[in-house]
Amino acid sequence: MSDWWTERKQNEQLSNLESEMSYARQETSSLRSQLSRIQGGLQNRVDSLTRAFDAFVELSDLRHETAGFVDAAELRRYATRVLSAMASSTELPETGKPVPRYWLGPATEALIGLHAGKPAEQAASTAMELDQRRTSIYLSLALAVLGQRHQVRTEWLDVAFGAPAADGGLTRVQRVLWTTAARGGFGPDGLELVVKRLQSAASPDGAWLSRLEMRGSSSRPRGPRLKATEPQDEAGDRLSRIRNAVETIVGNTAAREPDPELNYPEERKTDRTPDDAASRRDGKSRRDADADGRPDKDSPAAMLRLLISEGSDPERETLARIAVLRARVTGSPESAAMTLDDPAGTVDTLLTEDLGLSADPHLSATALRVVGPLALPGVESLAQTAELPGPTQVSVESGGHTITIRADGPDPLELGKATSTLTAAGGVVTTGQRAVPIGLLAGGAVVALGLGLLLHWFWIVVGLVVMAFGLNSYLSLRRAVANDKARAASEVSNLNERCTTAATALADYLKSADARHAATTEDLAAVRRELTT
């Protein structure tokens with residue numbers, strides 16, 4: 001007895017010890033996992049700090065290279081202050097030292113002359129000779145945000161926008177020029193130029209009809225529809241939705257006036273030119289290209305600051321590298337160091353986005369002007385489909401029967417034949433189905449009367465049970481027959497209803513032919529008028 005008790009105690013101790021070891025293993029595994037995460041997090045932080053330190057060291061070295069461009073940095077700061085002074089109608093700052101071979105100096109001089117209504121041909125010509133593209137971008141955007149759109153020349157905008165890439169891709173500055181033109185910054189001629197450039201790169205089969213439909217709703221009445229007229233009905237509905245979408249976009253009067261958001265923001269006391277040489281002198285960090293208090297980093301004002309901050313030719317590469325390094329030091333993504341030629345998306349993608357911008361009527365209206373001529377052939381094709389003549393008769397299928405439907409109703413002979421077939425097939429009972437309950441009833445009676453009276457009363461009970469089964473089988477057969485007849489009657493009623501509905505729909509369709517033709521003609525004329533003007 002004592003050996004058994006001792007062995008039991010030892011087994012309990014071993015079991016407890018095993019449980020404790022299992023718990024310890026789980027804790028060890030959890031600690032190991034946490035330690036791995038901590039080590040990974042620490043390693044990432046060490047790597048980030050290492051990259052930031054390396055960038056800081058390289059940044060310190062590069063700043064020495066900008067020491068010889070103090071005058072250029074001062075010119076950039078001067079240009080930014082000129083824009084702010086013009087926007088706020090305050091006194092212009094004093095002119096600094098001229099910087100040879102730097103387009104920004106004569107371009108700013110030309111801008112001052114144009115804004116004041118004075119001759120500026122010489123300064124503009126000098127800036128164009130030094131850098132035609134940047135001067136064109138600078139003068140076009142600056143005059144747009146200063147409310148001088150009538151002075152933006154088409155040849156400047158032509159050079160500034162250039163041509164989309166072969167794959168339809170646009171740069172950041174092209175997208176800004178596009179949105180500025182859409183918002184009225186360059187006047188009607190400038191907008192027309194941008195629209196033509198976009199049309200040359202937009203896909204002719206860009207599913208523009210489907211994208212327009214998403215903004216519209218159909219005014220066509222909804223009623224019983226026929227399968228035979230589905231193409232005409234669908235084409236009419238689509239045409240109505242497209243007309244509604246086009247009129248919604250064009251009818252927004254806000255798009256007819258220049259967007260007041262184009263105005264250049266007034267200078268604040270804390271504003272600084274985004275220039276690294278100036279940052280080196282006054283100890284202040286360079287502002288991001290879009291840090292102007294506006295949420296839109298692709299605004300014309302932000303693009304002007306980005307253009308100015310690029311620097312002159314000798315220092316441009318260094319300043320671009322400094323922007324990337326500063327992003328690493330501050331932990332910002334390197335994409336924050338923007339350039340004029342960053343990709344902004346394809347023409348098709350941006351047009352699709354603009355068409356869906358109900359909150360921005362300027363962009364929607366411009367996108368519609370671009371895709372209008374491309375979508376018009378599809379609109380005319382829809383109108384042709386909607387004008388197809390309707391059928392004089394249709395058919396309704398019922399099992400193996402086809403019933404001809406005319407405007408005055410279904411063919412009576414065909415309908416009667418189909419109805420008779422359905423009715424005759426309902427509630428039919430075969431001889432075999434009847435034989436089962438009859439056989440059970442007869443057999444049960446024989447067992448109960450014959451064997452029960454002659455042999456033993458037990459056979460009476462057996463006979464009655466068999467007869468009960470027979471009676472239940474008979475009642476089930478009657479219920480099945482009744483249900484089958486009801487099903488056949490329901491199918492007949494459904495067939496009559498389908499035929500009546502089809503006849504009514506056909507009659508209505510034929511009666512409304514003139515109204516439908518008039519609606520299609522009106523929709524097409526309205527859409528064509530808005531897409532071609």
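See the structure above.
Residues numbered from 1 in each chain as written. Predicted model: local features only at pLDDT ≥ 70, side-chain atom pairs only at ≥ 80, totals over all residues. Heavy atoms only, no water.

## Some thoughts on the side chain of Ser 140
At step 1: Here Ser 140 shows up in helix α5 (residues 132-145).
At step 2: Among all residues touching Ser 140, those that are not within four sequence positions of it are Val 152, Trp 156, Leu 157 and Phe 186. (Helix = DSSP H or I, 4+ residues; strand = E, 2+ residues; numbered from the N terminus. Contact = heavy atoms within 4.5 Å.)

## Some details on a nonpolar patch on the surface
At step 1: Taken together, the side chains of Val 436, Leu 440, Val 461, Val 465 and Phe 469 present a nonpolar region at the surface, about 410 Å² in accessible area.
At step 2: Every element with two or more residues in the nonpolar patch is listed here: α17 (431-454) and α18 (458-511).
At step 3: If you tally residues by element for the nonpolar patch, the top one is α18, at three residues.
At step 4: On the secondary structure map, Val 465 appears in helix α18.
At step 5: The class for Val 465 is partly exposed, based on a relative accessible area of 41%. (Patch = residues over 30% accessible without salt bridge, like charges linked within 9 Å, V, L, I, M, F, W, Y side chains within 5 Å. Areas by Shrake-Rupley, 256 points an atom, 1.4 Å probe, with all protein chains shown as cover. Salt bridge = Lys/Arg side-chain N within 4 Å of Asp/Glu carboxyl O. Buried < 20%, exposed > 50% of the residue type's maximum accessible area, 1.4 Å probe, protein only.)

## Observations concerning the environment of Gly 184
At step 1: Counting through the fold element by element, Gly 184 comes out in the loop between α7 (172-182) and α8 (187-201).
At step 2: Spatially, the C-alpha atoms of Gly 184 and Glu 257 are 6.9 Å apart, while their sequence positions differ by 73 residues.

## Things to note about the sheet that holds strand β4 (residues 401-406)
At step 1: Reading across from one edge, β3-β4-β5 is the order of the three strands in this open sheet, with antiparallel pairing throughout. Of all strands in the sheet, those with a lone pairing partner are β3 (393-398) and β5 (409-410), marking the two edges.
At step 2: Judged from the six bridges that link them, β3 and β4 form a sheet pairing that is antiparallel. For Ser 398, the partnering residue across the bridge sits in β4 and is His 401.
At step 3: Lying over the sheet, helix α16 (residues 412-425) contacts β3, β4 and β5, oriented at roughly 145° with respect to β4. (Pairing = 2+ DSSP bridges. Axes fitted to C-alpha atoms, helices over the stretch in contact; angles between N-to-C directions.)

## Some details on the environment of Val 371
At step 1: Tracing the backbone shows Val 371 in helix α15 (residues 361-386).
At step 2: Taking C-alpha positions, Val 371 is 9.6 Å from Asp 348, a pair spaced 23 residues apart along the chain.
At step 3: When neighbours within four sequence positions are excluded, Val 371 is seen to be in contact with Trp 208, Leu 351 and Leu 355.

## With respect to unusual backbone geometry
At step 1: Located in the positive-phi region is Ser 89, a residue other than glycine, with phi close to 55°.
At step 2: Examined against the element boundaries, Ser 89 turns out to sit in the loop between α2 (70-88) and α3 (104-116).
At step 3: On the basis of relative accessibility, which here comes to 66%, the residue Ser 89 falls in the exposed class.
At step 4: Here Arg 101, not a glycine, exhibits a phi torsion of approximately 60°, which is positive.
At step 5: Take Arg 101: its relative accessible area is 67%, and that puts it in the exposed class.

## Overview of the packing of α3 against α5
At step 1: Across the interface, α3 lies against α5 with an axial gap of 10 Å and an inter-helix angle of 30°. Judged by the inter-axis angle, α3 sits roughly parallel to α5. Read as a crossing pair, α3 and α5 show a hand that is right-handed. Mapping the contact onto sequence places Leu 104, Ala 107, Thr 108, Ala 110, Leu 111 and Leu 114 in α3 and Thr 135, Tyr 138, Leu 139, Ala 142 and Leu 143 in α5.
At step 2: Class assignment for the residues of the contact of α3 with α5 results in nine nonpolar, two polar and no charged. (Parallel < 35°, antiparallel > 145°, perpendicular 65-115°, else oblique. Left-handed = near helix turned anticlockwise from the far one by under 90°. Nonpolar A, V, L, I, M, F, W, Y, C, P; charged D, E, K, R; others polar.)

## Looking at the pattern of salt bridges
At step 1: This model, assessed by the stated rule, comprises 19 salt bridges.
At step 2: For the salt bridge of Arg 77 with Glu 74, the shortest nitrogen-to-oxygen distance reads 2.7 Å. You can see Arg 77 and its partner Glu 74 sitting in helix α2, three residues apart, about one turn around the helix.
At step 3: Notably, a salt bridge pairs Arg 172 with Asp 342, separated by 3.6 Å at the nearest N-O pair.

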